[in-house]
Amino acid sequence: MIITKTKSNLLDYVKKYNKIFVIGCGTCATKCQTGGEKEVEELVNKIKNMNKIAIGKVVESPCDLRVLKRDLMNYKNEINDAEVIVALCCGVGAQTISEFSNKEVIPGLDTLFIGMVERIGRFYEKCRACGNCILYETGGICPITNCPKRLLNGPCGGMRDRKCEVNDKDCTWVIIYERLKKYGREEDFKKIREAFDWSNISKSREFMR
Ligand code: SF4
Ligand code: SF4
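Residues numbered from 1 in each chain as written. Chains lettered and ligands numbered in written order. Predicted model: local features only at pLDDT ≥ 70, side-chain atom pairs only at ≥ 80, totals over all residues.

Let us now look at the site of ligand 2. Residues in close proximity to ligand 2 total 14 residues, the closest being Cys147, Cys156, Met159, Cys164 and Cys171. Considered class by class, the residues forming the shell around ligand 2 number 10 nonpolar, 2 polar and 2 charged. (Near = placed C-beta within 6 Å. Nonpolar A, V, L, I, M, F, W, Y, C, P; charged D, E, K, R; others polar.)

Shown next as structure tokens:
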């Protein structure tokens, strides 16, 4: 899931506009409680209290252009009429809304990371979308996300008494070793992986099947 938090100074951005359309997200932002029905309604009411015109709509998944077109089919006039759109969704959704509407878009949320939900308000980053998943080799633990040095071939020299030298957590590679041992796959721990092509991550990526 894409983890988001509400932009603290959102209403400052809205100030200079008079007609605002708020779009929420029925998927990740609803689960994060940052852009669902309740949050869209609350924001619309706050904007109306500033003596402005505001309309809100939650789209099932604003990151999907097709769904955006479908869910906003009956709001064409309202969107055309709006001076600006506030996107209560992740940055992908905000950009998809911008492409779809050709309107100015204010991102109402800050996009944090791809994460696991333990409970609402407690999220853990689990994947950096490297494009070459090695989770099977590492016992289901991502070293690219969890090891501060992004090491791919075992612990660095800074590991002491199973602890990471960068933070006070258990060393990712100790956890990976223990997990592989549990699965009876200690041999996999010895496998040497080639250096990761970090330039791949800095590129703007596309995928076409
Ligand atoms: S290796 Fe880590 S960063 Fe790469 S795809 Fe798998 S979980 Fe994501
Ligand atoms: S101690 Fe372990 S988790 Fe910390 S940087 Fe070194 S290899 Fe990575």
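Attention now moves to the site of ligand 1. Around ligand 1, the neighbouring residues are Cys127, Arg128, Ala129, Cys130, Cys133, Ile134, Leu135, Cys142, Ile144 and Thr145. Classifying every residue of the shell around ligand 1 by side-chain character gives 8 nonpolar, 1 polar and 1 charged.

Those residues of helix α6 (residues 91–101) that fall on the buried side of the exposure criterion are Gly93, Ala94, Thr96, Ile97 and Ser101. Around the axis of α6, the buried residues are gathered within 165 degrees of arc, so they sit on the same side. Close packing links the buried residues of α6 with β2 (19–25), α4 (65–71), α5 (76–81), β4 (84–88) and β5 (104–107). Phi for Asn102, located one or two positions after α6, is positive at around 55 degrees. (Buried ≥ 20, exposed ≤ 12 C-beta atoms within 10 Å, placed from the backbone. Helix = DSSP H or I, 4+ residues; strand = E, 2+ residues; numbered from the N terminus. Arc of directions from axis to C-beta. Contact = placed C-beta atoms within 7 Å.)

Relative to the helices and strands, Ala29 resides in helix α2 (residues 28–32). Take Ala29: there are 30 C-beta atoms within 10 Å of it, and that puts it in the buried class. C-alpha of Ala29 to C-alpha of Thr6: the two residues are 23 residues apart in sequence and 9.8 Å apart in space. The contacts of Ala29, once residues within four sequence positions are left out, are Thr4, Gly24, Thr34, Gly35, Gly36, Leu88, Cys89, Cys90 and Leu109.

Glancing now at the domain arrangement of the chain. Under the domain assignment, the chain is made up of domain 1 (2–113) and domain 2 (129–195). One C-alpha centre belongs to domain 1, the other to domain 2; they are set 39 Å apart. (Domains from an automatic or database assignment.)

The strand order β3-β2-β4-β5 describes an open sheet built from 4 strands, whose pairing is parallel. The two strands at the open ends of the sheet, each matched to only one other strand, are β3 (53–59) and β5. For this sheet, the mean angle separating the axes of adjacent strands, direction not counted, is 25 degrees. By the bridge criterion, 4 bridges tie β4 to β5 in an arrangement that is parallel. Its bridge partner being in β5, Val84 is matched across the sheet by Glu104. Along the sheet, helix α3 (residues 37–48) contacts β2, β3 and β4; its crossing angle with β3, the most-contacted strand, is approximately 170 degrees. (Pairing = 2+ DSSP bridges. Axes fitted to C-alpha atoms, helices over the stretch in contact; angles between N-to-C directions.)

All right, on to the environment of Lys15 then. Residue placement: Lys15 occurs in the loop between α1 (10–14) and β2. On a C-alpha basis, the gap between Lys15 and Ile175 in space is 50 Å, while along the polypeptide they are 160 residues apart.

Relative to strand β7 (residues 122–127), strand β6 (residues 109–119) runs antiparallel, the two sharing 5 bridges. Directly across from Gly115, in β7, lies its bridge partner Glu125. In this structure, the hairpin formed by β6 and β7 is closed by a connection of 2 residues, where Gly121 is found at a positive phi of approximately 95 degrees.

The periodicity of an α-helix, 3.6 residues per turn, causes residues three or four positions apart to be oriented the same way. Within helix α8 (residues 172–182) the residues assigned to the buried category are Thr172, Trp173, Ile176, Tyr177 and Leu180. On an axial view of α8, the arc spanned by its buried residues comes to 135 degrees, and they lie on one face. Just downstream of α8 lies Gly184, where phi reads positive at about 70 degrees.

Here we take up the nonpolar core. One broad trend across soluble globular proteins is that nonpolar side chains are buried collectively. Core analysis: the largest hydrophobic core is formed by 32 residues, its most contacted members being Val22, Ile23, Ala87, Leu88 and Cys89. Elements that contribute at least two residues to this core include exactly β1 (2–6), β2, α2, α3, β3, β4 and α6. A total of 5 residues in this core trace back to one element, the largest contributor, which is β2. What Ala87 contacts, discounting residues up to four positions off in sequence, is Ile23, Pro62, Gly93, Ala94, Ile97, Val105, Ile106, Pro107 and Gly108. In terms of nonpolar packing, the next biggest core, distinct from the first, is built from 7 residues, Cys147, Cys164, Ile176 and Leu180 among them. (Core = buried A, V, L, I, M, F, W, Y, C linked by C-beta atoms within 7 Å.)

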